[in-house]
Amino acid sequence: MTGWNATEILQEPGLRLTESEIAAIRNRMPPPSAQDGQIYVDGVFEGGGVRGIAFLGALRCFSDVGVRWRKVAGTSAGAITAALVAADFPIDALEQIVGELNYMEFLTQKTSWLIWNGNPANDLRHPIWMMLSLLAARQLGQYSAEPFQQWLAHH
């Protein structure tokens with residue numbers, strides 16, 4: 001899987017806030033902090049699997065407007081986003097990290113030898129067999145979290 005070139009993508013018309021849009025948003029925001037002139041907000045990010053990538057667009061807009069994160073929380077994909085935001089990665093770095101991500105790498109290790117359905121693309125073709133193999137293996141899921149944990153620890 002080839003990653004994206006965030007710089008190239010962000011040059012496409014309509015994907016970035018214009019200066020007038022940024023000014024309009026700033027006019028509706030609370031005044032910046034007296035201590036450092038920054039606008040701080042708290043964020044809660046919901047789950048949604050791979051749809052969590054959509055948070056990148058929102059984070060880019062917040063960055064363009066000049067908003068800084070104070071407290072963050074999330075569930076599932078949102079928790080991953082919150083962890084990366086809490087680590088204080090600049091938006092350019094976040095776009096690079098996510099752009100280089102091959103999601104199929106997370107589906108490389110089965111949780112048991114009793115789960116034999118093969119290719120992840122076929123996981124839902126035979127849901128009854130999948131459920132039976134999960135029951136036989138006494139597992140709640142087919143794939144190990146280890147590849148994801150290694151990826152997250154790396155970043």
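Above this text you will find the structure in question.
In this text the structure is predicted, and so the values were computed from the model without any measurement.

**A look at the pairing of strand β1 (residues 39-45)**
Of the two faces of β1, the one lined by Ile39, Val41, Gly43 and Phe45 is fully buried and the one lined by Tyr40, Asp42 and Val44 carries no buried residue. Across six bridges, β1 lies against strand β2 (residues 67-74) in parallel orientation. Its bridge partner lying in β2, isoleucine 39 is registered against valine 67. Taking the sense of rotation as the criterion, the β-α-β connection linking β1, helix α3 (residues 54-65) and β2 turns out right-handed.

**With respect to the environment of leucine 17**
Here leucine 17 shows up in the loop between α1 (6-9) and α2 (19-28). For leucine 17, a relative accessible area of 21% corresponds to the partly exposed category. Every residue in contact with leucine 17, bar those within four places of it in the chain, is listed here: Ile22, Ile25, Cys61, Asp64 and Val65.

Cut-offs and rules
Residues numbered from 1 in each chain as written. Predicted model: local features only at pLDDT ≥ 70, side-chain atom pairs only at ≥ 80, totals over all residues. Heavy atoms only, no water. Buried < 20%, exposed > 50% of the residue type's maximum accessible area, 1.4 Å probe, protein only. Helix = DSSP H or I, 4+ residues; strand = E, 2+ residues; numbered from the N terminus. Pairing = 2+ DSSP bridges. Right-handed = clockwise from strand over helix to strand, strands pointing away. Contact = heavy atoms within 4.5 Å.

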